[in-house]
Every structure is written in structure tokens, then in C-alpha cells.
Amino acid sequence: MSSLQLHRNPYLLLTIMEGSFLRSEKSQSGKNATCVVLFGDTKRKASSPLRLDAATWNTTFIFNILGHSENDVLYIYTQVDDTQLGYIPFPLSELATMRGDIISQWLTLQNTSRRVSAATVAQPVVGGSFVNRLVVGSSSESTEEESRPEHHIKMFIKSRLEGSNVDQDSAKLFVKWQYMDETALQRLSLRVVDTETKVDVKEKPYTVYKFLVSRGDGLEWSFQDRFSGLRDAAKMLERRHPHVVKGHKFPSRQWKGNMEAQFISKRRLRLEEFFNTMLRHTDTYSCAEFIEYLQAKELRTSI
């Protein structure tokens, strides 16, 4: 049983976005939908209110897969209230071929006609392949082969390779996954989510740009500043790493019309483009002052 060779991308980021047709035979109107992710001895859970048989989790889980066998399988099983709906298998042997890519797809829950024994699955087991720890209840309508977890894994891989569509009337999840290395987990991106007009001590109006910063591991936070403060931050990075900023022009100052809605809309897009370009460069992260600037949560008072 060989180990996965993923030293460049040892982390698996799995995001459970949403689900639909999440109904059970016992209850046609459940209140809560829960996804439980099981990988080896690790168990993660996300819950969401159920509305019209649909739920939104938008929750990211991170798993270190170094040392795991290529035969290991990560599972997501879903339940409405106390009733199990089914599960989705993620074989690491197949996911290993997707390094560096962001995959997003609707996937149908497997085994929806049989009950998954969550208590048995969640028990820590030392050694062995995780696929053998999934317990599936019997069903008179299924063959012995169809009752085995390995069968559903094969069907999952087959549907991925053939690009088949999910059953429109079956319980399904929209899932994203990606492999990342430790550096990528710390990588930042940002976007302007709002602007606000304020007045300084001289009663002159100015615009505050409100940013949402996202890190590769799913952490997010907000910070805000006016244009002059953002320009100072860009100059600070240029002094430290001129080769990073070279060829990339920071939005220019404008004294007239800079409070007009159309101008502010264009400027916010240019600010996003400039800062995200800087954040794609590895050397940017060695400028501690610049990174600390992006991590501040209070409005600066620079003029």
C-alpha cells in the first residue's frame, strides 16, 4: 500500500457549498441539514437550516494528506435532522491527479436507499484502509456487489471520468476541492465590497474603500482605508521590492470629480487589480509592513 507523493501540495481544501433535494422518506420537511466529513480519524461537521429541501453551508475544511495511503478515501455523509440521506466518496488516488486545479461540481449522494452507520464510521481505527471502515446497511433491492463501498467509489470515479450529469431529482451537494501547499494556504486576495463617503477635520469629503481579504485556508477579514492611505501602502511595498511593483501602475490621483459615483466605481476596480497583482508575487509576503497593513481592521487616519 503506497503513500501519496504530494509533497508539493500536501493540503486538501474541501468546500461544501450547498445542497438540494435534501429530503428523506421519513420526513418531507426537515429543519436542519448536516454534512459530516470523515477522513481517517478526523471528523468535521457543518450544519445549516433547511429551506425548501435546500441548504447552504459554504464551509471549507483543510486536511493534511501526507502519509496517507492512495487507497484511503475521504467521505462526506449528509443527514436531515436525524435521518441519513447518503454519502459521497472522495478517493485520494483519483483526487491526486487534480493537483493545482480547483474542481467544482454537483455530486449525487450515493447509497440513498440504505442507511450509513455513522457511529461505526466515526470510530477511530489505527491502520488499514479507511474504505473498509464504512458500514452500509443491507437492502433487498441491491446485489452484494452494489452493497459494497468499493462499488460506489468505482461509480463515483466512472461518473467523474465520463462527465455524467447528476440525477436532477436526487439529493446532491455542490462541492469544491483543491490541493495546496503551505505557502498557498497563506496567500491572500482581496476585493472592494463597499465604499463610504466621510468628511475630514477640514470638512472636506473623501471616500473610504472597504476591503474583504481572503486567505488560502479560508480565513477572511475586513479592513478599510482612504485612497491616500492605500497609495502610501503601495509606495511602502515599492521601496522594499521595486521589482514587484515595476510595470504595474497604481491608480493616479485626481482632484476634480473624484467623488462622482462613476469615478469611484472605476477606481475600486483598479485598486483591486493592483493589490491582487501584488499579492500574486511571492516576494510581497516578505514585506512584513505591507502584510500587516492588510491585516488591520480599523480605519486609518492618514490624509
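Residues numbered from 1 in each chain as written. Predicted model: local features only at pLDDT ≥ 70, side-chain atom pairs only at ≥ 80, totals over all residues. Heavy atoms only, no water.

> Would you take a moment to explain the sheet that holds strand β11 (residues 220-226) for this structure?
Backbone-to-backbone hydrogen bonds pair the strands of a sheet. The strands run either parallel or antiparallel. Spatially, β9-β10-β11 is the arrangement adopted by the 3 strands of the open sheet, whose pairing is antiparallel. Every interior strand has two partners, whereas the edge strands, β9 (188-199) and β11, have only one. Going from strand to strand, the sheet's axes swing by 20° on average, the running direction of each strand aside. Here β9 runs beside strand β10 (residues 205-215); their pairing, made up of 11 bridges, is antiparallel. The partner of aspartate 194 across the bridge, within β10, is lysine 210. With respect to the sheet, helix α7 (residues 261-279) is in contact with β9 and β10, its orientation differing from that of β9 by roughly 145°. (Pairing = 2+ DSSP bridges. Helix = DSSP H or I, 4+ residues; strand = E, 2+ residues; numbered from the N terminus. Axes fitted to C-alpha atoms, helices over the stretch in contact; angles between N-to-C directions. Contact = heavy atoms within 4.5 Å.)

> Explanation requested: the pairing of β11 in the structure shown.
Taking burial as the measure, the 7 residues of β11 include 5 buried ones, the bulk of the element. As defined by bridge partners, β10 adjoins β11 across 7 bridges and the pair is classed as antiparallel. For lysine 210, the partnering residue across the bridge sits in β11 and is glutamine 224. Connecting the antiparallel pair β10 and β11 is a turn made up of 4 residues, with glycine 218 showing a positive phi of about 100°. (Buried < 20%, exposed > 50% of the residue type's maximum accessible area, 1.4 Å probe, protein only.)

> In this structure, what is going on with the nonpolar core? I would like to understand it.
One recurring pattern in soluble globular proteins is that nonpolar side chains are buried together. Core analysis: the largest hydrophobic core is formed by 30 residues, its most contacted members being Leu22, Trp57, Leu74, Ile76, Phe90 and Leu173. Of all the elements in the fold, those that place two or more residues in this core are β1 (11-20), β2 (32-39), β4 (55-64), β5 (73-80), β6 (83-91), β7 (103-108) and β8 (172-180). Dropping the residues within four chain positions of it, tryptophan 57 is found in contact with Ile16, Met17, Glu18, Gly19, Leu22, Ala33, Thr34, Cys35, Ala46, Ser47, Ser48 and Leu173. (Core = buried A, V, L, I, M, F, W, Y, C linked by side-chain atoms within 4.5 Å.)

> Help me understand helix α8 (residues 288-295), please; the structure alone is not making it clear to me.
Quick reminder: α-helices carry 3.6 residues per turn. Residues three or four places apart thus point the same way. Buried within α8 we find Phe290, Ile291, Tyr293 and Leu294. Down the axis of α8, the buried set is contained in an arc of 150°. They therefore lie on one face. Lining the buried residues of α8 we find β9, β10, β11, α5 (227-240) and α7. (Arc of directions from axis to C-beta.)

> Looking at this structure, I do not really get the packing of α5 against α7. What am I missing?
Relative placement of two packed helices is described by the angle separating their axes and the distance separating the axes. It is at 12 Å that the axes of α5 and α7 come closest, and there the two elements cross at 25°. By the criterion of interaxial angle, the relationship of α5 to α7 is roughly parallel. For α5 against α7, the interelement crossing comes out left-handed. In this structure, α5 uses Phe227, Leu230, Ala234 and Leu237 to contact α7, whose residues at the interface are Arg267, Leu271, Phe274, Phe275 and Met278. Grouping the constituent residues of the contact of α5 with α7 by class yields 8 nonpolar, no polar and 1 charged. (Parallel < 35°, antiparallel > 145°, perpendicular 65-115°, else oblique. Left-handed = near helix turned anticlockwise from the far one by under 90°. Nonpolar A, V, L, I, M, F, W, Y, C, P; charged D, E, K, R; others polar.)

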